[in-house]
Structures are given as structure tokens and as C-alpha cells.
Amino acid sequence: MTQHIGTKCVQAGYRPNNGEPRQIPIVQSTTFRYESSEAMGKLFDLEAAGYFYTRLQNPTNDYVAAKIAALEGGTAAMLTSSGQAANFFATFNVASQGDHVVSSSAIYGGTFNLFNVTMRRMGIDFTFVQPDASEEELDAAFKPNTKAVFGETIASPALAVLDIERFAKVARKHGVPLIVDNTFPTPINCRPFEWGCDIVTHSTTKYMDGHGAGVGGCIVDSGNFNWDAHKDKFPGLTTPDESYHGIVYTEKFGQGGAFITKCTAQLMRDFGSIQSPMNAFLLNLGLESLHLRMKRHSENGQKVAEWLEANDKVAWVNYPGLKSNRYYALAQKYLPNGSCGVVSFGVKGGRAAAEKFMAKLQIAAIETHVADARSCVLHPANATHRQLSDEELVACGVGPDMIRLSLGLEDVEDLIGDLEQALSVV
Ligand SMILES: *Cc1c(COP(=O)(O)O)cnc(C)c1O
């Protein structure tokens, strides 16, 4: 019987046998014991499934990864130590030195830097396109050595909505996978695989954990990309891996298992960005209420965005759930049940007014974080972007008046009351 997403949030990934713990056990152990060298050897050869060292795999992490795979509708998943590690692994698993990736320009700043600076240094080239680019514009970005397309369902913090179906169509036409960072909507509000995306990534640090408790990431494979049909493009998945006795990942683990097994066996082995089992346990507690929390975060986001838009001390509001928004039509298509709890807006009076407003807030705390149970707020011109002049701020789309507000799970009347009293000084 297929289950609804809320049931999966609570039940998927771990099912105890007779007499076993009801809650996911935290296997706080680096290593695992074996009766014979032969038995252990089979694991090293990827001949048998099992655990030998937590850098590669740990039962707690696997239970939680299996739950996220079920939520996204994928065939396999792995946890990573952070969202940064998830996005690096997901792209580096298919693109290496001499390759090229097409990416939406509306992506998280950390991911943009990873691509545009660090991965370029590794010899991987990137072309950036608009999240609502036309098919012709997307086609023009491809090169013979393009190995993947990347985007974010809702860009953090620009709040642009990706045209997933169009990006997927063009990626498929060029024989490469579409990778989508689905951090902001979570699988509760959007499941990119249903629109043709091949690989999903997450910063679980945000809504999935949801309580500001642990940094983490996740990669999920849809199992829908036929690597063998594009053997020449993806030799890492379709030809023998000499570091694993000549295993061919697609042959041995099939279309649904090859990507995650290669990513674990090669990249986690060599880079070691594993999530701690304790953090995976905390993440699972967050996942158990994700369906309830996302509903509340999205409702609070929508109500506050509408209230701000009607306030005459507010210069502009950016939220994909507003009819006035450039991405409203895409949000209606991909996010019909709500988008997220993050809203950005400008206060009339620029930088000075924004500073006064920030100082007056009582509930929302000043943090660089977003997507937490507790509301938080940031004035980028005075924090993450404070090295830039007013002119430079405008040029990079983060005006001196811009406030980024992440609505938590509090009662919306109190959040609006707090905004109202803080705006009274502007
Ligand atoms: C925060 C964030 C990341 C980075 O994740 P970390 O867990 O902080 O490493 C990646 N993508 C998006 C959309 C994010 O919001």
C-alpha cells in the first residue's frame, strides 16, 4: 500500500524487528567486528553488504537516508556532513577535470563559490543561466563536455523558482542528469523527481533538522537516469573502477544504485565528509514532524509576506507566493501547497531605516541561519555583505535596505505584531 508523505515522515526508513528498540538506535561506533578476515574482505570488495567503518557507512545514517529517499521518491540516498558536501559530491560524482556543468545562477552563495572558485580550480568549467531561462538559452549553454545541469527549487536567499520541467527536458535532450538542491521546499512542498529531475540534494541543516541542532546534508538518486545509454560521458559509472578491483557500478548495483554506491565508495572514502550518527538521530527527530512544520512555516511566510506588501513603510516584498512576484506562476505550478517560510523585503529609508528596524525586533533573532523553528532575521548589508559599498550591494541584488526574514513556528499574530512595532520607528 502506498503511503502519504506525512506517514512516511513518521514511519519510513526504520522498522524494528521483535524486541528491537522502537526509536532509531544511535550506533555510536567507528568500527564493526568480524569473525574472519574472509568475511570482512567481502565487504571491502563490495561483494557483501555490511558495515566496517563509519566513514563509509553507519546503520543510524542509513536508516535516516532511507527515510529521505522514501520522502523524495528515490531509489537510494546517503547522508553527508553538510549541504556543501552534498552539492560537491553530487556534481563531482559525474564531472571531473576537463568537464563542464550548466548551473542556474540563482543558487546559494556557498554553492556559487564552490562552483565558481573551488571547482574551477579543480579544472571543472561552469556556465550560469537564469532559473527561468528559455529552452534556446539553455541549449546554448551546453558544450560537448557538459556532464550535468544544476539548480535550486527555491533559490536561497533570492527566492527564485526553478523551472524544473524545462531544465529536465533540456538536460535529457543532451544526455546529462539534472541535479536539484531541494533544501527550501523540502519533499513536503515539492518533489523534483516528479518533474523529471534525476538527483536531489539537501542541506538538512535547514527545515529537515528544523531546530537549529545539527549541520548536515543528503543526496538522493531517482534511479531514472540511464548511465549506460551515455557510457562515453560517464565512464566513472559505466567502466571498471580500478580502485575497487574493476567493479562496474552500473553492472553491479543497477541503474537505481550505481550513483550513490560510487559516491560512497569513492568520494566518501577519499574526502570523508560523513554525518555523525548522533546528528543523524537528531535529523530524524526533525523529519518526524517535517510535514506539520512545513505547513506552518509556509503559512506564516505567506501571511507575513501579504501583510508586509500592504504596509506603507515597506518598499518592496519578495516571496514566490505573492501574485506580484516574477516567479508566482512557477510557484503555483511546482509549489501549489506553499513554498517556504523565508521572505525578503526592503524598508523605506534604506540602510539607516533597516538598522533601526532590526534593533527594535523582539521575537526574530539576528542570525545568519534560516529555516529554524524560531524566527530569525538578517540585514545582509550589515552582516554577510558588509564589505560591499551601497553601489556594489545593488549590483549583486542585495540592496542596502534588504531584510531577510525566516518565519518560524510561532503564532503569526505575534510575528506580525513584532514587525508592526519595529516598523513604527522607521
Ligand atoms: C544552507 C544551504 C546550503 C549549504 O548547506 P550547509 O548545510 O550550510 O553546508 C546549500 N544549499 C542551500 C539551498 C542552502 O540553503
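As the structure is a prediction and not an experimental result, all values here were calculated from the model.

Basis of the calculations
- Residues numbered from 1 in each chain as written.
- Predicted model: local features only at pLDDT ≥ 70, side-chain atom pairs only at ≥ 80, totals over all residues.
- Heavy atoms only, no water.
- Near = heavy atom within 4 Å.
- Polar contact = N/O pair within 3.5 Å; in protein donor to acceptor, adjacent residues only side chain to side chain.
- Areas by Shrake-Rupley, 256 points an atom, 1.4 Å probe, with all protein chains shown as cover.
- Helix = DSSP H or I, 4+ residues; strand = E, 2+ residues; numbered from the N terminus.
- Nonpolar A, V, L, I, M, F, W, Y, C, P; charged D, E, K, R; others polar.
- Buried < 20%, exposed > 50% of the residue type's maximum accessible area, 1.4 Å probe, protein only.
- Contact = heavy atoms within 4.5 Å.
- Pairing = 2+ DSSP bridges.
- Axes fitted to C-alpha atoms, helices over the stretch in contact; angles between N-to-C directions.
- Right-handed = clockwise from strand over helix to strand, strands pointing away.
- Salt bridge = Lys/Arg side-chain N within 4 Å of Asp/Glu carboxyl O.
- Disulfide = S-S within 2.5 Å.

**Student:** Is there a simple way to explain the site of the ligand in this structure?
**Tutor:** With respect to spatial proximity, 15 residues lie near the ligand, and among them G83, D181, S203, T205 and K206 are the closest. In this structure, an oxygen atom belonging to the ligand sits 3.3 Å away from a side-chain N or O atom of S156. Taking S203, its side chain carries an N or O atom lying 2.8 Å from an oxygen atom of the ligand. For the ligand, whose unbound accessible area comes to 380 Å², protein coverage reaches 92%. For the shell around the ligand, the leading source of residues is helix α4 (residues 83–92), giving 3 residues. Tallied by class, residues from the shell around the ligand come to 3 nonpolar, 9 polar and 3 charged.

**Student:** Just checking my understanding: could you explain helix α7 (residues 164–173) for this structure?
**Tutor:** Each full turn of the α-helix corresponds to 3.6 residues, which orients residues three or four apart in the same direction. By the burial criterion, the buried members of α7 are I164, F167, A168, V170 and A171. Those residues of α7 that are buried are in contact with β2 (100–104), β3 (125–129), α6 (135–141), β4 (146–152), β5 (178–181) and α13 (328–334). Positioned one or two residues after α7, G175 has a phi angle of 70°, which is positive.

**Student:** Could you clarify how one ought to interpret the pairing of strand β1 (residues 76–80) in this entry?
**Tutor:** Each regular strand displays side chains that alternate between the two surfaces of the sheet. Burial within β1 is extensive, with 5 of its 5 residues counted as buried. Residue alternation in β1 divides its side chains into two sets, A76, M78 and T80 and A77 and L79, and both sets are buried. Sheet topology note: the β1/strand β7 (residues 217–221) ladder contains 5 bridges and is antiparallel. By the bridge assignment for β7, A77 is matched with V220.

**Student:** Help me understand the sheet that holds β4 in this model?
**Tutor:** Adjacent strands of a sheet form backbone hydrogen bonds with each other and so pair up, either parallel or antiparallel. Pairing is mixed in the open sheet, where 7 strands are placed in the order β1-β7-β6-β5-β4-β2-β3. Two strands bound the open sheet, and with one partner strand each, they are β1 and β3. Averaged over all pairs of adjacent strands, the angle between their axes in this sheet comes to 20°, without regard to strand direction.

**Student:** Looking at this model, I keep getting lost on unusual backbone geometry. Mind explaining?
**Tutor:** Where the residue is not glycine, phi is negative for most of them; where a peptide bond is considered, it is trans in most cases. The linkage connecting S156 with the following residue, P157, adopts the cis geometry, with an omega of 0°. Inspection of the secondary structure assignment puts P157 in the loop between β4 and α7. Phi is positive for A371, close to 65°, though the residue is something other than glycine. Here A371 lies in the loop between β10 (365–366) and β11 (376–378).

**Student:** Would you explain the pairing of β4 in this entry?
**Tutor:** With 7 of its 7 residues buried, β4 lies for the most part within the structure. Bridge count between β2 and β4: 4 bridges; the pairing is parallel. By the bridge assignment, V101 is partnered in β4 with A148. Direction of pairing for β4 relative to β5: parallel, over a ladder of 4 bridges. By the bridge assignment for β5, V149 is matched with L178. What joins β4 to β5 is α7, and the crossover it makes is right-handed.

**Student:** Explain the pattern of salt bridges to me, please; I cannot follow it from the model alone.
**Tutor:** For the structure on display, the rule yields 18 salt bridges. A salt bridge links D99 to K147; the shortest N-O distance between them is 3.0 Å. Here the residue D99 occupies a position in the loop between α4 and β2, and K147 occupies one in strand β4, the gap between them amounting to 48 residues. This pair shows no difference in class: D99 is buried, exactly as K147 is. With its nearest N and O atoms 2.8 Å apart, the salt bridge here joins E194 to R191.

**Student:** Explain the state of the cysteines here, please?
**Tutor:** Formally, a disulfide is one covalent bond, and it connects the sulfur atom of one cysteine to the sulfur atom of another. Tallied over the entire structure, the rule returns 0 disulfides. Its sulfur unpaired, C190 is 8.8 Å from the next cysteine sulfur, which belongs to C197. With no disulfide partner, C376 has as its closest neighbouring cysteine sulfur the one in C340, 12 Å distant. By relative accessible area, which is 1% here, C376 ends up buried.

**Student:** Explain the sheet that holds β10 here, please?
**Tutor:** With mixed pairing, the 5 strands of this open sheet are ordered in space as β8-β9-β12-β11-β10. Taken across any chain shown, the strands that pair with only one partner, and hence form the sheet edges, are β8 (314–318) and β10. By the bridge criterion, 3 bridges tie β11 to strand β12 (residues 402–406) in an arrangement that is antiparallel. In the strand pairing of β12, L378 is matched with R404.

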